[in-house]
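The chain contents come next:
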Amino acid sequence: MVNILIVYHSQTGKTKKMAEAVARGANSIENVRTILKEAMETTLDDLCSCDGLAIGSPEYFGYMAGAIKDLFDRTYYQVRGRKEIFKKPYVVFISAGNDGLGALRSIERICIGYQFKKVYEPVIARGEVDEDILTVCEELGKVIAAGCEAGIY
Ligand SMILES: Cc1cc2nc3c(=O)[nH]c(=O)nc-3n(C[C@H](O)[C@H](O)[C@H](O)COP(=O)(O)O)c2cc1C
């Protein structure tokens, strides 16, 4: 089995809806197990043991949500240099009021420090999270899961 971690933060539910759509997409791939978790509940072991991950955040003040940053802050020293983390495939999805690029860039910058490998273009929802965005999120889940399952990353 291939394990895909979908880690997110959400206060008003938009990023959560996107995370659930990513999980639906990932779950549609055979031999894939999906772990859907709030960032505050996500542990070092979750990060190390997954085969690929999707990170979802609202944009807060031009940056990622504090809960996502907290996950990085809590785990950085322990993961540094560990081979389970090196080139781990990841994708990002963002929910924003009107921009989202600040949140995206802040996550991507930290992922460079973790030596994760970005494997697909991010999804940014601006304003309402509608069916079109959810379909794109499902695609994102399929891409990370199918790629990990096939071992192409
Ligand atoms: C404290 C706070 C700061 C925010 N800052 C931004 C921002 O800088 N740029 C932006 O586009 N939206 C900003 N927003 C709007 C949220 O990113 C947006 O409503 C998002 O969809 C919320 O996601 P959620 O429903 O998963 O909580 C902010 C919202 C809050 C609560």
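Residues numbered from 1 in each chain as written. Predicted model: local features only at pLDDT ≥ 70, side-chain atom pairs only at ≥ 80, totals over all residues.

Draft legend 1. View of the overall build of the protein chain. Helices and strands together make up the secondary structure of the protein chain, namely five helices and seven strands. Relative to the compact-globule value of 15 Å for 153 residues, the protein chain shows a C-alpha radius of gyration of 14 Å, a close match. If you line up the protein chain on its principal axes, its C-alpha atoms span 40 × 35 × 25 Å. Counting the 153 residues in the protein chain, one finds 41% classified as buried. A separation threshold of at least 6 residues defines the contact pool for the protein chain, and within that pool the share at least 24 residues apart is 81%. (Helix = DSSP H or I, 4+ residues; strand = E, 2+ residues; numbered from the N terminus. Rg over C-alpha atoms; globule rule 2.2 N^0.38 Å. Buried ≥ 20, exposed ≤ 12 C-beta atoms within 10 Å, placed from the backbone. Contact = placed C-beta atoms within 7 Å.)

Draft legend 2. Region of the structure containing the site of the ligand. Around the ligand sit 18 residues in total, of which S10, K14, T15, P58 and G97 are the nearest. In terms of residue class, the shell around the ligand is made up of four nonpolar, ten polar and four charged. (Near = placed C-beta within 6 Å. Nonpolar A, V, L, I, M, F, W, Y, C, P; charged D, E, K, R; others polar.)

Draft legend 3. Representation of unusual backbone geometry. Despite not being glycine, N31 has its phi angle at roughly 65 degrees, a positive value. Mapped onto the fold, N31 is located in the loop between α1 (14–27) and β2 (32–38). What makes N31 exposed here is the crowd of 10 C-beta atoms within 10 Å. Despite not being glycine, Q115 has its phi angle at roughly 65 degrees, a positive value. Along the chain, the position of Q115 falls in the loop between α4 (101–114) and β6 (117–118).

Draft legend 4. Spotlight on α4. Here α4 spans 20 Å end to end across 14 residues, near enough to the 20 Å set by a 1.5 Å rise per residue. Those residues of α4 that sit buried are A103, L104 and I107. The buried residues of α4 all sit within an arc of 95 degrees when viewed along its axis, so they share a single face. In α4, the exposed residues that point more than 90 degrees away from the buried face are R109, I112 and G113. Tucked into the core, α4 has its buried residues touching β3 (52–60), β4 (63–64), α3 (66–79), β5 (89–96) and β7 (123–126). Taken from the residues just after α4, Q115 is the one with a positive phi, measuring 65 degrees. (Expected span 1.5 Å × (residues − 1). Arc of directions from axis to C-beta.)

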